[in-house]
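Residue strings, one per chain:
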Amino acid sequence: MHMPNYYQHYSPGRIVAGYGALDKIPSIMERLGCRTAMVVTDKGVVGAGLITCVQQAFEGTSCTIAHVFDEAPPDSSNIASNKLARLFEQYGCDLFLAVGGGSSIDTAKAANIVISEKTDDLLKIQGAENIEADLLPVIAVPTTAGTGSEATKAAVIFNEEKKVKMLFSADQLCPTVAVLDPRMTATAPPKITAATGLDALTHAIEASINLQKNPIEDAFAKAAIELIAKYLVRATENGATDMEARYGMANAALFAGIAFSNSTVGVVHSLAHACGAVCHVPHGMANGILLPWCLEFNLPRVAAHIAELAGPLGAEPGGNDPVERAGRTIRLVRELGERLHRLCGLPLRLRDAGVTEQNLPHIVEVALNDGCLIYNPLDVTRNDALRLLRNAF
Amino acid sequence: MLELTLVEKSMLFARGFKAWRRIESMAKRLYMAIALRVFGAAFDAVSSISAECERELADWEEGRRFALGVEPKGPCITLEKKGRRIRMIGTGLKDPHLSILFKNLDSAVMVFTTYMGVVQATVENRALIKGDNGRAMEVIRILDIIMIYLLPGFILKKNFRTVPGFTRSQYLVMLRIYAALIPALVRTFF
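So, a few notes on the structure that sits alongside this text. Computed from a predicted model, the values in this text were never measured in an experiment.

Analysis parameters
- Residues numbered from 1 in each chain as written.
- Chains lettered and ligands numbered in written order.
- Predicted model: local features only at pLDDT ≥ 70, side-chain atom pairs only at ≥ 80, totals over all residues.
- Heavy atoms only, no water.
- Helix = DSSP H or I, 4+ residues; strand = E, 2+ residues; numbered from the N terminus.
- Rg over C-alpha atoms; globule rule 2.2 N^0.38 Å.
- Buried < 20%, exposed > 50% of the residue type's maximum accessible area, 1.4 Å probe, protein only.
- Contact = heavy atoms within 4.5 Å.
- Areas by Shrake-Rupley, 256 points an atom, 1.4 Å probe, with all protein chains shown as cover.
- Lys, Arg positive; Asp, Glu negative; His and termini not counted.
- Charge placed at Lys NZ, Arg CZ, Asp CG, Glu CD.
- Salt bridge = Lys/Arg side-chain N within 4 Å of Asp/Glu carboxyl O.
- 1 Å grid on protein atoms, 1.4 Å probe; cavity = no way out; pocket = protein on both sides within 12 Å on 5 of 7 lines; lining within 4 Å.
- Points joined across faces, edges and corners; volume = space filled by probe spheres on them.
- Nonpolar A, V, L, I, M, F, W, Y, C, P; charged D, E, K, R; others polar.

Scanning chain B from terminus to terminus reveals 8 helices and 5 strands. Along the chain direction, N to C, the helices and strands of chain B fall in the order α-α-α-β-β-β-β-α-α-β-α-α-α. Expected size for 190 residues packed as a compact globule is a radius of gyration near 16 Å; at 17 Å, chain B falls within 12% of this value. Taken along the three principal axes of its C-alpha coordinates, chain B extends 50 × 40 × 35 Å. The buried share of chain B, taken over its 190 residues, is 48%. Summarising the internal contacts of chain B: among those between residues at least 6 apart in sequence, 68% fall at separations of at least 24. Accessible area of chain B: about 10100 Å², with a carbon and sulfur share of 63%. Both charge centroids of chain B, one from 29 positive and one from 18 negative side chains, sit 6 Å from each other.

A word on the pattern of salt bridges. Throughout the structure, instances matching the rule amount to 28 salt bridges over all chains. Residues K103 of chain B and E129 of chain A are paired through a salt bridge, measuring 3.1 Å at the closest nitrogen-oxygen approach. With K103 of chain B in the loop between strand 4 (98–102) and helix 4 (105–112) and E129 of chain A in the loop between strand 5 (127–128) and strand 6 (138–142), this residue pair bridges two chains. On the accessibility criterion, K103 of chain B (25% relative accessible area) is partly exposed. Among the residues examined, E129 of chain A registers a relative accessible area of 39% and is labelled partly exposed. Among the ionic pairs, R382 of chain A bridges to E56 of chain B, the shortest N-O distance being 3.3 Å. In this pair, R382 of chain A is assigned in helix 14 (residues 382–392) and E56 of chain B in helix 3 (residues 51–57), connecting two distinct chains. What makes R382 of chain A buried here is its relative accessible area of 18%. Three or more residues are tied together by salt bridges with common partners; here these are K213, D218, K222 and E308 of chain A.

So, on to the layout of surface pockets. Of the voids in this model, the second largest pocket is the one considered here, and its volume is about 1300 Å³. Around the second largest pocket sit 39 residues that line it, and M110, Y115, M116, E124 and R126 of chain B are the ones nearest its centre. Where the lining of the second largest pocket is concerned, the elements lending two or more residues are helix 11 (283–307) of chain A together with helix 1 (6–14), helix 4, helix 5 (118–123) and helix 7 (153–159) of chain B. Ranked by residue count, the leading element in the lining of the second largest pocket is helix 1 of chain B, at 4 residues. Broken down by class, the residue content of the lining of the second largest pocket amounts to 19 nonpolar, 9 polar and 11 charged.

In short, the description is geometric, and any link to function would need to be established separately.
Below is the structure:
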């Protein structure tokens, strides 16, 4: 077991998980001293009928939903957050109930900052540990099993005026409660299920090998990897008919979220963020394509850490050579990607995900400014980043 | 793994005395005030000569300011991009676009005595970044270039994840940087 000289772990949120867990929300609100929720979601979630399930949970209780804000954009933005904050105060709400993927949860987190810090200029407080006020309670109900935002102390908000992504990281941003109900992820289509599942896998693997790796995050990450190895293909293949697989994946995403919220991520995420910014490649898809290549890149420095993941990924026990065992881990990650490709057409190459060769130098420049690179086991130069992208292209 | 060296054991013993703690704190503050000014001069010297730095600075807008220092109310310097170089414009926070502040004197001293690298200090949550994360990465890359040119190889090996190999021409650049550091130090301190 790797024991660093120093590490931190913070994961204060209550986790409520199980089929029908949604029904617990009103009683959780009462325990938090709250009565009036602002639901934060997007039109896709409303269209899938998932908000109706949430509304049904409130029937016959003393808690109410004051308003359903269904304007969370695909990339959480400062404009949406400011609007949500105004509505939250206008309706006299005392709690955010975020129902959706990472963008809905991040929009709620950002509006919470706006209200609690009494500012509408989020640019002034972007960065790490710059939030001083206590935030209002947030209950997060994920509808995808991937981002882990229901358990992370970070939010990414796009500043629409200045066209920059702002990163906020502070302990207070961790949602007060995460509610995992497999009914909420059951309707996700196969390609989204596969891509978000690979996002969770990347969170778990990067958290287990990067410079902030520690024993607590290792435990969460390995549990997540085991669940993903067991359930991702099933969830993609069987859709809404396999609630066990959906539930397994919802837990996997949460565990991976706790792990990377504390251990952060590395070069895979830096490159994937940049692919998203330059070519609009969906985040999970980019992570899934880049992950095996970046593991190979980091292998000379962290072969033993990568080797430890072969077991959770389903490899037979045996083999004492860490490099050989690490190679097995990478092969298993590749095989998982290939199975998902055959199942739902998830791309295996950047060129099939909308990236052109001319985009690569621009992606490199954007990736080099991504904060995740600091935590990668190896330094990543321009040439390294370009080589990784060419390999994955 | 967590074994204390003789020096660390002695320091722990000495810290039992209040007077020692006061002297230690004053000494660290003074050390940091000087070290930051030396780094201010190093930014000036390296940015005016190194091609790697020039490449990094190419995309910086004129007048971009950043601060390096210690919280709370510790020594601090503000630097600004002027033309093709980075100049220290004074001590304290002078309306910077970005600030990288160590959470306490101990953390700052560890980095500025090269006991610990910038990356390890970040990994151990010893610094606060106020401002755009991307800009912070740009500053850290320049800080890396400065350290690569100014520090001896054995320290780089200890503190850097990957130590780049030096070409002959880079050794010449290093000599020019050391020569340029002297007038930069004079400008910074007087």
